[in-house]
Amino acid sequence: MGSTDRGEERTRASGASAVARGRARLDQPRSGRARLLPEWDPEAFGRFSERIARFLGTGRFIVWMTLIIILWVAWNIFAPSSLRFDNYPFIFLTLALSLQASYAAPLILLAQNRQDDRDRVTHEQDRKQNERSIADTEYLTREIAALRMGLGEVATRDWIRSELQDLVKEMEERRHLFPPERPYGRDEGDR
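Thresholds, definitions, all that
Residues numbered from 1 in each chain as written. Predicted model: local features only at pLDDT ≥ 70, side-chain atom pairs only at ≥ 80, totals over all residues. Heavy atoms only, no water. Helix = DSSP H or I, 4+ residues; strand = E, 2+ residues; numbered from the N terminus. Expected span 1.5 Å × (residues − 1). Contact = heavy atoms within 4.5 Å. Polar contact = N/O pair within 3.5 Å; in protein donor to acceptor, adjacent residues only side chain to side chain. Salt bridge = Lys/Arg side-chain N within 4 Å of Asp/Glu carboxyl O. Buried < 20%, exposed > 50% of the residue type's maximum accessible area, 1.4 Å probe, protein only. Axes fitted to C-alpha atoms, helices over the stretch in contact; angles between N-to-C directions. Parallel < 35°, antiparallel > 145°, perpendicular 65-115°, else oblique. Left-handed = near helix turned anticlockwise from the far one by under 90°. Nonpolar A, V, L, I, M, F, W, Y, C, P; charged D, E, K, R; others polar. Phe/Tyr/Trp six-rings, centres within 6.5 Å; stacked < 30°, edge-to-face > 60°.

Right, let's get into helix H2 (residues 42-56). Over its 15 residues, H2 runs 21 Å from end to end, which matches the ideal 21 Å to within 8%, given 1.5 Å per residue. Of the surrounding elements, those touching the buried residues of H2 are helix H3 (59-78) and helix H4 (91-153).

Now for the environment of Asn-76. Relative to the helices and strands, Asn-76 resides in helix H3. Through-space distance from the C-alpha of Asn-76 to that of Asp-86 is 5.9 Å; in sequence the pair is 10 residues apart. If we ignore the near neighbours within four places in the chain, the residues touching Asn-76 are Arg-84, Phe-85, Asp-86 and Phe-90. Polar contacts involving the side chain of Asn-76 include one to the main-chain amide nitrogen of Phe-85, which spans 3.1 Å.

Under the counting rule described, the total for this entry stands at 10 salt bridges. Note that Glu-43 and Arg-114 form a salt bridge whose closest N and O atoms lie 3.4 Å from each other. One end of the pair, Glu-43, is in helix H2; the other, Arg-114, is in helix H4, with 71 residues separating them in the sequence. Overall, Glu-43 belongs to the partly exposed group, its relative accessible area being 42%. Accessibility expressed as a relative area gives 16% for Arg-114, which makes it buried. One salt-bridge network, held together by shared partners, links Glu-43, Arg-47, Glu-50, Arg-54, Arg-114 and Arg-118.

The end-to-end C-alpha separation of H4 is 92 Å, in line with the 93 Å expected for 63 residues at 1.5 Å each. Taken together, the buried positions of H4 are Leu-93, Ala-104, Leu-107, Ala-111 and Arg-114. Residues of H4 that are buried in the fold lie against H2 and H3.

As a packed pair, H2 and H4 sit with axes 8 Å apart at the nearest point and diverge in direction by 110 degrees. Considering their axes alone, H2 and H4 lie roughly perpendicular with respect to each other. Crossing geometry of H2 relative to H4 is assigned as left-handed. Two secondary-structure elements touch here, H2 through Pro-42, Glu-43, Phe-45, Gly-46, Arg-47, Ser-49, Glu-50, Ile-52, Ala-53 and Leu-56 and H4 through Gln-100, Ala-104, Leu-107, Ile-108, Leu-110, Ala-111, Arg-114, Gln-115 and Arg-118. Residues that form the contact of H2 with H4 fall into these classes: 10 nonpolar, four polar and five charged.

A positive phi angle is found at Phe-90, which is not glycine, with a value near 50 degrees. Along the chain, Phe-90 turns up in the loop between H3 and H4. Looking at Phe-90, the relative accessible area reads 12%, which means it is buried.

A word on the packing of aromatic side chains. For the coordinates displayed, the defined rule picks out four aromatic pairs. Here the aromatic rings of Phe-55 and Phe-61 are separated by 5.6 Å at their centres, their planes lie at 75 degrees, and the arrangement is edge-to-face. Ring centres of Trp-72 and Phe-85 lie 5.1 Å apart, and the angle between their planes is 75 degrees; this geometry places the pair in the edge-to-face category. Of this pair, Trp-72 sits in helix H3 while Phe-85 sits in the loop between H3 and H4; the two residues are 13 residues apart in sequence, bridging distant segments of the chain. Among the residues examined, Trp-72 registers a relative accessible area of 16% and is labelled buried. Judged by relative accessible area, Phe-85 falls into the partly exposed class, the value being 48%.

Remember, this is a structural readout, not a statement about activity or role.
Structure (structure tokens):
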């Protein structure tokens, strides 16, 4: 074997080893990977967060939260010491409220972001509608101006009437300036 044959063998071997090593082919789509984290529908999660945010923003939530805290504090102060689960500094109550706040804040922000996105889309649609209305108004204004200019050149009834009156006056003036040579009446000689 010559040196060219060995070079071809090396090329074939390196090409085969590249495929064997698991190189990704660029002309084919990748297969899906296994995910460690669960998948969720972002729209469903967004709707859920909006429902929670709406509930957190109601007076009903404030009343229920106040009642729960009053019952919690009253139980842990007035209940027999063997039944108390959170003594005076109420550390567990503080932890529960902190946990509730740590989840409520991001959910409220997510709901606000979704509302901002809806408002942005609505404002964009309103802006486009306003642009169309302005364009339509400008078109109609130009058309009305063209009609007015066209009507300025058209003989109107009032203009024709005034022209006819001017002609009648002119004919009467000429009759007075140039009286007829024959008297008015029947002209029997012309028959």
